[in-house]
Amino acid sequence: VNDLESVVAALQAAPTVAVLAHVAPEGDAIGATLGACLALREAGKQTGAYNADPLPPGLGALPGVEHLVVGGSIPPTYGCYLVLDTSDLERTGGLLDGRAADAPVLNVDHHAGNTRFGTVNWIDPEASSAGEMVYRALRHGGFPITPPVATNLYAAILTDTGSFRYANTTPRALQAAADLVACGARPEEIARGLYRNRDPREWRLLSEVLAGLTLSPDGRLAWIQITRAALGRAGLGLEAAEDFIRYPRSLAGVQIALAFKEVSENEVRVSLRSDGDLDVARLAGQFGGGGHRNAAGCTLAGGLSAVRAGMLAAAAAYLAGSR
Ligand code: AMP
Ligand code: MN
């Protein structure tokens, strides 16, 4: 059975569908969630959109975002669960805990390390984004792609390809984006909503974080840290720093960039980025995390400085081994 076909058949058969994605969501998680939710609603289904965590800045302008339920749990009334962009069950943040035992879980994801936790699993590591996969499912099933649906799916592809700059900017991703524009997505408006709709406090936080940007002596590692204290001074939550890692990543000669995010006194979230063949998903995997070859993450117990020291040592060892 073709996994795409099983997902489409299950969606067509389900009168009620809850749509959700991973914790600490970004543009792909939310764009794919809202795009799928709105399209299924348009097709006459009862749908809801859920995420365990608050939205990062920029995503509040996406159409249908007012339907998104953040935190809390999903009522047990749904007959089907569509889980997007989520590599393992734990990364739903417990949103599936109350589901009816016989409700199918449709696992649609582009992470190579997906644990196939669904009733139906459609995993395509070649897909640029979960948004591209939802697009393909909607087209395959003949679901309506209205301008609000197209806007969300375009935003998902745009953000997960780094505005069409990363290696996942494939012909298929660009063809999907082109078709979505033909369906009514407006690139300029979407980019304005995502990138020109910011709160000055974010840039004050960024300036403090960048003041602490550090490089390893050989210039191959660069890292930043986002502390509780800095967040407190800015009056912002960690989600505001979601894409700060692009700054250490942008430095010439840097092969692995890291961002250490202090969740609490005893928990640190680490974001990792690399280029080319360097596989940071493997590095994150050593610490119980995962992700894609060039973009991965993990969450570690411990204080910021201890976690940072351990992670930087592992990253240096990985680089030394890959020379
Ligand atoms: P982030 O740095 O949080 O933007 O995450 C980059 C990539 O790594 C995304 O594809 C995430 O889904 C994945 N990722 C982040 N944290 C974890 C984790 N704790 N476990 C598995 N995958 C993760
Ligand atoms: Mn994604």
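As the structure is a computational prediction, the values presented were derived from the model and not from experiment.

Q: Would you mind going over empty space enclosed by the protein with me for this structure?
A: Summed over all chains, the structure comprises one cavity of 30 Å³ or more. In this structure, the largest cavity occupies an estimated 50 Å³ of space. The set of elements that each furnish at least two residues to the lining of the largest cavity consists of α1 (3-13), α2 (27-42), β4 (81-84) and α3 (130-141). When residues of the lining of the largest cavity are assigned to their parent elements, the largest contribution, three residues, is made by α3. Taken together, the residues that form the lining of the largest cavity break down as 10 nonpolar, no polar and no charged.

Q: How do you make sense of the pattern of salt bridges when you look at a structure like this?
A: If the charged atoms of two oppositely charged side chains come close together, the side chains can form a pair. Evaluation of the coordinates by the stated rule reveals 12 salt bridges. The partner of Arg201 in a salt bridge is Asp199, and the shortest N-O contact between them spans 2.7 Å. Of the residues examined, Arg201 reaches a relative accessible area of 36% and is grouped as partly exposed. With a shortest N-O distance of 3.6 Å, Glu242 and Arg269 are connected by a salt bridge. With Glu242 in the loop between α8 (228-234) and α9 (246-249) and Arg269 in strand β10 (residues 267-274), the pair connects residues that are 27 residues apart, well separated along the chain. Judged by its relative accessible area of 16%, Glu242 is buried. Via salt bridges that share partners, Asp124, Glu132 and Arg136 belong to a single interconnected network.

Basis of the calculations
- Residues numbered from 1 in each chain as written.
- Chains lettered and ligands numbered in written order.
- Predicted model: local features only at pLDDT ≥ 70, side-chain atom pairs only at ≥ 80, totals over all residues.
- Heavy atoms only, no water.
- 1 Å grid on protein atoms, 1.4 Å probe; cavity = no way out; pocket = protein on both sides within 12 Å on 5 of 7 lines; lining within 4 Å.
- Points joined across faces, edges and corners; volume = space filled by probe spheres on them.
- Helix = DSSP H or I, 4+ residues; strand = E, 2+ residues; numbered from the N terminus.
- Nonpolar A, V, L, I, M, F, W, Y, C, P; charged D, E, K, R; others polar.
- Salt bridge = Lys/Arg side-chain N within 4 Å of Asp/Glu carboxyl O.
- Buried < 20%, exposed > 50% of the residue type's maximum accessible area, 1.4 Å probe, protein only.

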